[in-house]
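# A look at the structure
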Amino acid sequence: MGQKKRIALITGASSGLGAEFVRQMDEEEDLDEMWVIARRRERLEKLESSVRTPLRILPLDLAQRESMDRLSEELEREQPVVSILINAAGLGKIGSWKDIRRRDCDNMVDINCRAAVDVTQIALSYMDRGSRILEICSTAAFQPLPYLNVYAATKAFLYSYTRALRVELKKTGISVTAVCPYWIGDTEFIATAQKTEGSGSIRHFPFASRASDVAASALRAGRRNAAVCTPGPVATGQRVIAKILPRSLMMRLWSLIR
């Protein structure tokens with residue numbers, strides 16, 4: 001039998017941070033193929049034309065459970081080694097509880113929690129010693145955020161899951177890193193999150209980072225087997241402060257900033 005393909009598997013790859021990961025790994029990683037997952041096939045095809053590493057385009061909606069069956073079947077058929085898994089798909093909505101539709105709340109839980117866990121569970125069966133997992137959490141994981149409450153709660157879930165999974169996998173040689181960026185200003189996330197009646201609940205996004213910087217920091221952290229990556233001084237500062245101050249005070253500070 002021939003040598004198995006070594007692949008990267010990236011969710012949320014059609015734009016923003018996910019697409020930036022694809023571009024940077026194309027330059028820096030020795031991979032046979034990158035499997036890219038997102039709903040918008042045309043965006044993935046455009047990305048394909050800009051990289052040298054072959055892409056396998058999987059236009060899947062991770063909010064649909066059938067998509068997990070499709071991914072599982074594809075991996076079972078091809079039997080690659082998943083060298084890198086990056087769960088970059090994410091969804092957020094800004095507003096008070098009454099401004100956000102129940103369907104949007106469900107989608108945040110589905111994409112940010114269930115889909116990330118499902119993709120990880122599926123991919124783990126194809127990982128070897130030296131494989132890396134990057135779960136894209138957020139500094140929102142470090143404290144409750146009024147008017148971003150469901151999103152912050154989902155990221156707290158993902159952060160906790162990632163930290164525990166890392167311990168479980170320690171003896172396997174598979175590294176797991178929780179990537180917790182602050183606002184990323186040059187992606188579609190903020191604009192999409194603001195598409196609610198209560199979008200004015202958060203008016204300020206100071207010191208926003210860039211996707212290229214976050215992706216570079218996250219990839220470096222994965223290579224050195226870091227448990228947590230907080231890209232940049234703002235994200236790092238927020239993590240430290242959240243360990244010191246009570247959550248009630250953190251929420252008051254949040255109210256002043258937003």
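Everything that follows concerns the structure shown earlier in this document.
Residues numbered from 1 in each chain as written. Predicted model: local features only at pLDDT ≥ 70, side-chain atom pairs only at ≥ 80, totals over all residues. Heavy atoms only, no water.

## Brief notes about the side chain of Ser138
Topologically, Ser138 is positioned in the loop between β5 (132-136) and α5 (149-168). There is a polar contact of 2.9 Å between the side chain of Ser138 and the backbone nitrogen of Ala140. If sequence neighbours within four positions are ignored, Ser138 has contacts with Tyr151, Lys155, Val179, Cys180 and Pro181. (Helix = DSSP H or I, 4+ residues; strand = E, 2+ residues; numbered from the N terminus. Polar contact = N/O pair within 3.5 Å; in protein donor to acceptor, adjacent residues only side chain to side chain. Contact = heavy atoms within 4.5 Å.)

## Structural notes on the packing of helix α3 (residues 65-78) against helix α4 (residues 102-124)
A pair of packed helices is characterised by two quantities: the angle between their axes and the separation of those axes. For the pair α3 and α4, interaxial distance at closest approach is 10 Å and the crossing angle is 15°. Viewed along their axes, α3 and α4 adopt a mutual orientation that is roughly parallel. When you trace α3 past α4, the crossing you get is right-handed. Packed against α3, whose contacting residues are Arg65, Met68, Leu71, Ser72 and Leu75, the element α4 presents Arg114, Ala115, Asp118, Val119 and Ile122 at the interface. Residues that form the contact of α3 with α4 fall into these classes: six nonpolar, one polar and three charged. (Axes fitted to C-alpha atoms, helices over the stretch in contact; angles between N-to-C directions. Parallel < 35°, antiparallel > 145°, perpendicular 65-115°, else oblique. Left-handed = near helix turned anticlockwise from the far one by under 90°. Nonpolar A, V, L, I, M, F, W, Y, C, P; charged D, E, K, R; others polar.)

## Some remarks on the pattern of salt bridges
Under the defined criterion, the tally for this structure stands at 16 salt bridges. Across the pair Glu45 and Arg41 runs a salt bridge, and its minimum N-O distance is 3.8 Å. One end of the pair, Glu45, and the other, Arg41, are both in helix α2 (residues 41-48), four residues apart, so they sit about a helical turn from each other. Judged by relative accessible area, which is 40%, Arg41 ranks as partly exposed. Here Glu74 and Arg70 are joined by a salt bridge, their closest N and O atoms 3.9 Å apart. In this pair, Glu74 and Arg70 both sit in helix α3, four residues apart, roughly one turn of the helix. You can call Glu74 buried: its relative accessible area is 10%. Looking at Arg70, the relative accessible area reads 35%, which means it is partly exposed. One network of salt bridges, in which partners are shared, links Lys5, Glu33, Arg56, Arg70, Glu74, Arg77 and Glu78. (Salt bridge = Lys/Arg side-chain N within 4 Å of Asp/Glu carboxyl O. Buried < 20%, exposed > 50% of the residue type's maximum accessible area, 1.4 Å probe, protein only.)

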